[in-house]
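# Analysis of the macromolecular model
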Amino acid sequence: MRRRTFIRAIVAALLGTTASVRNAFSLARPKPVFLHGVASGDPTDSAVMLWTRVTTASLGIISVEWQVAADPAMRNVIRAGTTETGSTRDYTVKVDATGLAAGSQYYYRFSCDGQDSAVGRTRTLPRGAIEQAKLGVVSCSNYPAGFFNVYREVAMRNDLDAVLHLGDYIYEYGMGEYATENASAIGRIPDPPHEIRTLEDYRRRHAQYKADPDSQAMHASVPVIAVWDDHEIANDSWRDGAENHQDGEGQWSERRDAALQAYFEWMPIRGVAAGADTKIYREFRWGDLASVVMLDTRLIGRDRQPNVGEEVTRDSIVAALRDPGRRMLGAEQEQWLRDTLQAAGSTTWQLIGQQVMVARMEPPDLEPLVDRDGPSYFSPENLDAIIKASKSHAPQVLDVWEGYPVAREQFLQDLDKFARNPVVLSGDLHTSLAANLIPNGGERPVAVELMAGPVSSPVLESVFPDKVPNGVRDATLVQNPNIRFLDIARRGWLVVTVTPSECTGEWHLVDTVLSRDYKSWSAATMKVGAGQIGKGLV
Ligand SMILES: [Fe+2]
């Protein structure tokens with residue numbers, strides 16, 4: 001009952017229907033201070049990161065108080081303190097609240113200039129033998145592309161231990177660029193309106209996303225464990241550049257560092273940005289039941305994609321795909337993963353949270369399936385080229401593990417050798433998917449992959465308009481028997497539940513992101529048993 005009341009209170013507050021929120025915006029009162037909500041993240045078994053941002057006319061150093069309580073009314077305060085913020089960190093506030101009990105629910109808020117923030121709810125990690133862990137998995141939240149209905153779905157739950165955001169938390173594009181065709185009509189024009197490149201730009205973009213009511217509702221309801229993908233910096237980024245970072249846009253390293261500084265300021269993640277050395281790969285333990293291993297497949301060690309760069313030819317792509325030296329994680333992170341998986345051998349499950357698709361996915365012959373006159377993000381020439389290339393069934397999305405086949409084999413070998421029950425979690429492709437991961441020449445899966453659909457980004461179907469309903473999806477499933485579930489038409493998210501005996505993925509979809517009036521449903525469930533990874537998903 002208390003939980004339900006809490007959820008109603010945060011949703012009502014964010015919809016602006018409570019007296020206190022109306023008063024906060026009236027002229028007789030001081031300007032509101034906490035316009036970007038509250039958030040928590042990176043829980044341990046005794047601590048959690050708390051986040052907010054203050055909006056104030058004061059200059060210089062601002063003092064902010066924080067409280068952690070056992071109840072949503074904030075009567076039974078467990079921990080409290082004062083911290084400071086200022087312009088050097090864009091007035092964002094981060095507190096590592098320590099000394100908490102394991103496996104416990106807490107409530108928190110901030111106070112500044114005589115005003116209190118909304119109350120957030122969070123949870124520490126459990127210790128020892130536990131019966132269940134339940135995680136939400138989201139990715140690809142594009143503000144101008146649509147409303148964050150998926151975030152609202154997450155906020156309405158009260159049974160999630162944490163949410164993993166696998167990246168594309170923001171998008172870098174300006175108005176008129178990718179996924180902005182409905183932005184004016186739905187009142188979600190990107191801010192700033194141009195492609196973001198500077199520290200000020202990245203901060204403003206993060207501020208816009210954090211001002212969204214559904215984003216605020218999600219963050220206030222559950223701790224988020226986040227890793228970046230490419231769009232937090234620029235499309236198809238890799239260690240030393242990005243497809244969407246061109247000549248005339250300044251130094252790559254300066255842009256990357258600006259993006260990472262803003263990310264660490266605006267996200268409830270532990271640590272600070274350290275340029276090229278910034279490590280976000282890290283582990284979380286749900287007692288003896290599950291180890292959640294978060295990876296960086298994007299910036300710390302990734303070599304350039306085979307089809308990005310100025311002198312790309314067919315031969316150069318083939319040579320890159322065969323090059324045994326090309327890496328996705330980099331040698332240091334690969335070794336960290338082996339060591340971490342080995343040490344996690346005492347846990348039943350190893351959930352690997354990372355950005356991009358691991359499964360092999362060969363395109364079907366698209367010629368009889370795609371409506372060339374249908375609406376597509378691609379130009380008719382591009383679409384024709386893709387249709388032509390699909391006849392050879394050669395994979396064409398080379399920004400995913402598919403573009404790093406040697407590194408992928410190593411990754412699968414490492415999972416087979418060092419993990420007990422590995423489950424790979426992914427996003428990035430704007431697709432809901434479940435797959436068995438089988439090494440080249442192998443017959444049995446060594447891991448399974450569960451991919452979350454996009455929060456709001458355009459789905460694959462808007463690239464390949466169908467001649468017959470679900471034609472592209474169905475043919476893709478026939479072409480790739482390793483893929484066990486696929487949806488390329490809807491936005492959505494994933495709930496992963498692990499118990500000592502099984503791991504279950506449940507895919508939720510929403511029918512629209514062009515309105516906050518939407519329908520949501522559970523579209524599919526797939527399971528794998530502990531000790532049964534070789535049998536794959538059922
Ligand atoms: Fe994305």
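The rules behind the values
Residues numbered from 1 in each chain as written. Predicted model: local features only at pLDDT ≥ 70, side-chain atom pairs only at ≥ 80, totals over all residues. Heavy atoms only, no water. Domains from an automatic or database assignment. Contact = heavy atoms within 4.5 Å. Buried area = accessible area lost by both parts, 1.4 Å probe. Salt bridge = Lys/Arg side-chain N within 4 Å of Asp/Glu carboxyl O. Polar contact = N/O pair within 3.5 Å; in protein donor to acceptor, adjacent residues only side chain to side chain. Helix = DSSP H or I, 4+ residues; strand = E, 2+ residues; numbered from the N terminus. Expected span 1.5 Å × (residues − 1). Buried < 20%, exposed > 50% of the residue type's maximum accessible area, 1.4 Å probe, protein only. Phe/Tyr/Trp six-rings, centres within 6.5 Å; stacked < 30°, edge-to-face > 60°. Lys NZ or Arg CZ within 6 Å of the ring centre and 35° of its normal. Donors = N, O, S within 2.8 Å, 3.2 Å for Na, K, Ca; no water. Tetrahedral: all angles 85-135°; square planar, octahedral: opposite > 155°, others 65-115°. Core = buried A, V, L, I, M, F, W, Y, C linked by side-chain atoms within 4.5 Å. Pairing = 2+ DSSP bridges.

For the chain, the domain assignment lists domain 1 (1-125) and domain 2 (133-535). Of note, the centres of domain 1 and domain 2, computed from C-alpha atoms alone, are 30 Å apart. Taken together, the 36 residues of domain 1 in the interface contact 34 residues of domain 2. When domain 1 packs against domain 2, close to 2,800 Å² is buried across both sides, 55% of that on carbon and sulfur atoms. Summed over the shared surface of domain 1 and domain 2, the result is 3 salt bridges. Between the two partners, domain 1 and domain 2, sit 16 residue pairs in polar contact (both at pLDDT 80 or more). Elements represented by at least two residues in the side of domain 1 that touches domain 2 include exactly α1 (2-14), β1 (38-41), β2 (48-53), β5 (92-97) and β8 (120-123).

Attention shifts here to helix α4 (residues 199-210). If you check α4, its first and last C-alpha atoms are 16 Å apart, about what 12 residues at 1.5 Å a residue would give, namely 16 Å. Summarising burial for α4: 9 of the 12 residues are buried, a large majority. Turning to α4, its buried residues number three or more, namely Asp201, Tyr202, Arg203, Arg205, His206, Ala207, Gln208, Tyr209 and Lys210. Looking at the packing, one finds that the buried side of α4 touches β2, α5 (213-221) and α6 (252-266).

With that out of the way, let us pick up the packing of aromatic side chains. Using the criterion set out here, one finds 15 aromatic pairs in the structure. Taking 5.6 Å as the distance between ring centres and 45 degrees as the angle between the ring planes, the aromatic pair formed by Tyr143 and Tyr209 counts as tilted. One end of the pair, Tyr143, is in the loop between β9 (133-138) and α3 (149-156); the other, Tyr209, is in helix α4, with 66 residues separating them in the sequence. Considered together, Tyr143 and Tyr209 belong to a single accessibility category, that of buried residues. A ring pair is formed by Trp228 and Phe264, whose centres lie 6.2 Å apart and whose planes are at 75 degrees; its orientation type is edge-to-face. Here Trp228, found in the loop between β11 (224-226) and β12 (237-238), pairs with Phe264, found in helix α6; they are 36 residues apart in sequence, far enough to count as distant. Taken individually, Trp228 and Phe264 each receive the classification buried, so the pair is uniform in this respect. Lying over the aromatic face of Phe148, Arg188 brings its terminal NZ or CZ to 4.9 Å of the ring centre. Across the ring face of Trp51, the terminal group of Lys210 is positioned such that the distance to the ring centre comes to 5.1 Å.

Ligation of the iron ion by protein atoms is provided by Cys140 (SG), Asp168 (OD), Tyr171 (OH) and His430 (NE2), these donors lying 2.1 to 2.5 Å from the ion. Geometry at the iron ion is irregular, judged from its 4 donor atoms and the angles of 87 to 169 degrees they form at the metal. Written as a sequence motif, the donor residues of the iron ion are C-x27-D-x2-Y-x258-H. Residue Asp168 is classed as buried on the basis of its relative accessible area, which comes to 1%.

To continue, consider the nonpolar core. In terms of nonpolar packing, the biggest core is built from 76 residues, with Trp286, Trp349, Leu425, Leu450, Val496 and Val498 touching the most fellow members. Top contributing element to this core by residue count: α6, with 7 residues. Apart from residues no more than four positions distant in its own chain, Val496 is found in contact with Ala133, Lys134, Leu135, Val137, Leu351, Leu425, Leu450, Cys503 and Thr504. Counting residues in hydrophobic clusters, the runner-up holds 42 residues, among them Tyr404, Leu433, Val463 and Phe464.

On to the pairing of strand β15 (residues 290-294), then. A large share of β15 lies buried, amounting to 5 of its 5 residues. Bridge count for strand β14 (residues 282-286) against β15 is 5 bridges, and the pairing is antiparallel. Residue pairing in the sheet places Glu283 in a bridge with Val293 of β15. In the sheet, β15 pairs with strand β16 (residues 349-353) via 5 bridges, with the strands oriented parallel. What sits directly across from Met294, in β16, is Gly353.

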